[in-house]
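Chain by chain, the residues run as shown.
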Amino acid sequence: MAETGLQKDAMDVLQRWVDQFNARAGGAIALSSGGEAGGAQLRLKYTPADGTIAILHFVAVNAGGRAAIRVQAFEGPTAETSVQAGLWASGQLGRRP
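Report follows, based on the coordinates. (Residues numbered from 1 in each chain as written. Predicted model: local features only at pLDDT ≥ 70, side-chain atom pairs only at ≥ 80, totals over all residues. Heavy atoms only, no water.)

This part covers a nonpolar patch on the surface. Taken together, L56, I69 and V71 make up a surface patch of nonpolar side chains, about 250 Å² in accessible area. With respect to the helices and strands, the residue V71 is situated in strand β4 (residues 66-77). (Patch = residues over 30% accessible without salt bridge, like charges linked within 9 Å, V, L, I, M, F, W, Y side chains within 5 Å. Areas by Shrake-Rupley, 256 points an atom, 1.4 Å probe, with all protein chains shown as cover. Salt bridge = Lys/Arg side-chain N within 4 Å of Asp/Glu carboxyl O. Helix = DSSP H or I, 4+ residues; strand = E, 2+ residues; numbered from the N terminus.)

We now examine the pairing of β4. Looking at chain direction, strand β3 (residues 52-63) and β4 are connected through 12 bridges and run antiparallel. Bridging from a neighbouring strand, F58 pairs with V71 of β4. Adjacent in sequence and paired antiparallel, β3 and β4 are bridged by two residues, among which G64 carries a positive phi angle near 65°. (Pairing = 2+ DSSP bridges.)

Moving on: the packing of aromatic side chains. Between two aromatic rings, the relevant description is the distance of the centres plus the angle of the planes. In the structure shown here, the tally under the stated rule is two aromatic pairs. Ring geometry for W17 versus F21: centroids 5.9 Å apart, planes at 15°, classification stacked. A residue pair is termed a helical-turn pair when its members lie 3 or 4 positions apart in one helix, as W17 and F21 do in helix α1 (residues 6-25) at four residues. (Phe/Tyr/Trp six-rings, centres within 6.5 Å; stacked < 30°, edge-to-face > 60°.)

In structure tokens, the structure reads:
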């Protein structure tokens, strides 16, 4: 499948994959996805139990002049874990020290 407009399409491809997964898995634990308009961040998320979240966060970066994707997994209480994942991603993108 050829993709154009890669920044937006990366999020679209991820969402299609998540939708297909959820349809096949039967909804026992539904995955969701997220990202940002610039396409530098993509996330897979699910809720393993009430009040908790698991996030697999992908960040596209320039590492020594080469394109790279950094990945980090987070799991814990929803609010704290979401903040932790966001701070990590911002740091990877040079938005925070």
